[in-house]
Amino acid sequence: MVKLTMIARVTDGLPLAEGLDDGSDIKDAEYYKQQAKALFKNLCKGQNEPSRMSIETGPYVFHYIIEGRVCYLTMCDRSYPKKLAFQYLEDLKNEFERVNGNQIETAARPYAFIKFDTFIQKTKKLYMDTRTQRNLAKLNDELYEVHQIMTRNVQEVLGVGEKLDHVSQMSSRLTSESRIYADKAKDLNRQALIRKYAPFAIVIGVVLLLFWVRKKIW
């Protein structure tokens, strides 16, 4: 069953559209959406990935196709037929290019084509039941084969990027901790100075007070 659907521009990873109701029936939906966005970022770095690929992640599989500088991605259950997943993406690609093709390069804000969700939801319903006559016919269609499409693991695809992100996070954390340490060191120095000179200040204060009282009396 189709779980998530996202469309992004490959040149910069800008998200263009997605299924708004997707992920409501799966645990950790946000985690998988973040993985999808990481895949888009990986593609826009020019990693020379194939134009069609399946990527295993937990109990699910990401399938994507790249056409005309746009990546069409879906996440399905592992048991969902690979052939139907790519047919689903082909249907989305054809309609998206027909409706928005001349605006893709000029889109400047995320989810500029969010209205495409209507077509995503309608098409997803058609592919929901793999046993319908329509989908059985697609599975038996020899004109569209997926045997040559590579399947990889998400850690393998994102491994380098995840390590770089981890290093970046550690660097940021160390910088933050260094600032905290510096602030604490300043506080400790200030407290040490107060402890060192406070007695002298008190004595001087008392002496001055006595002089003042004496002057008032006399």
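Details of the structure are given in the entry above.
Keep in mind that this is a model prediction, so the values were computed, not measured.

(A) Structural detail: the sheet that holds strand β5 (residues 70-77). Reading across the sheet, the 6 strands line up as β2-β1-β5-β4-β3-β6 and stay open at both edges, with mixed pairing between neighbours. Strand pairing shows two members of the sheet lacking a second neighbour, β2 (15-18) and β6 (150-153), which therefore form its edges. Averaged over all neighbouring strand pairs, the angle between strand axes comes to 20°, with direction disregarded. Where strand β4 (residues 60-67) and β5 come together, 8 bridges link them in antiparallel fashion. The partner of E67 across the bridge, within β5, is V70. Seen against the sheet, helix α1 (residues 29-44) touches β1 (2-9), β2, β3 (52-57), β4 and β5 and runs at an angle of roughly 30° to β1. Contacting β1, β2, β3, β4, β5 and β6, helix α2 (residues 82-100) crosses the sheet at an angle of about 40° to β4.

(B) Layout of the nonpolar core. Residues I7, L16, F96 and F116 are the most contacted members of the largest nonpolar core, which totals 26 residues. Of all elements in the fold, only β1, β2, β5, α2 and α3 (117-126) reach the threshold of two or more residues within this core. With 7 residues, α2 is the single largest residue contributor to this core. Setting aside anything within four residues of it in sequence, one finds L16 in contact with I7, A8, R9, V70, F96, I104, A107, Y111, A112, F113 and I114. Core analysis: the next-biggest nonpolar cluster, separate from the first, contains 23 residues, Y32, M53, Y60 and L73 among them.

(C) The packing of aromatic side chains, seen in detail. Throughout the structure, instances matching the rule amount to 7 aromatic pairs. Between Y72 and F96, the ring centres sit 5.9 Å apart and the planes meet at 80°, which makes this aromatic pair edge-to-face. Taken together, the residues Y72 in strand β5 and F96 in helix α2 connect sequence positions 24 residues apart. Overall, Y72 belongs to the buried group, its relative accessible area being 1%. For F96, a relative accessible area of 0% puts it in the buried group. Measuring from centroid to centroid gives 5.3 Å for F116 and F119, while their planes differ by 35°, and the two rings are tilted. The burial state of F116 is the same as that of F119; both residues are buried. Here the aromatic cluster, defined as three or more aromatic residues joined through ring pairs, consists of Y72, F96, F113, F116 and F119.

So, how was this worked out
Residues numbered from 1 in each chain as written. Predicted model: local features only at pLDDT ≥ 70, side-chain atom pairs only at ≥ 80, totals over all residues. Heavy atoms only, no water. Pairing = 2+ DSSP bridges. Helix = DSSP H or I, 4+ residues; strand = E, 2+ residues; numbered from the N terminus. Axes fitted to C-alpha atoms, helices over the stretch in contact; angles between N-to-C directions. Contact = heavy atoms within 4.5 Å. Core = buried A, V, L, I, M, F, W, Y, C linked by side-chain atoms within 4.5 Å. Buried < 20%, exposed > 50% of the residue type's maximum accessible area, 1.4 Å probe, protein only. Phe/Tyr/Trp six-rings, centres within 6.5 Å; stacked < 30°, edge-to-face > 60°.

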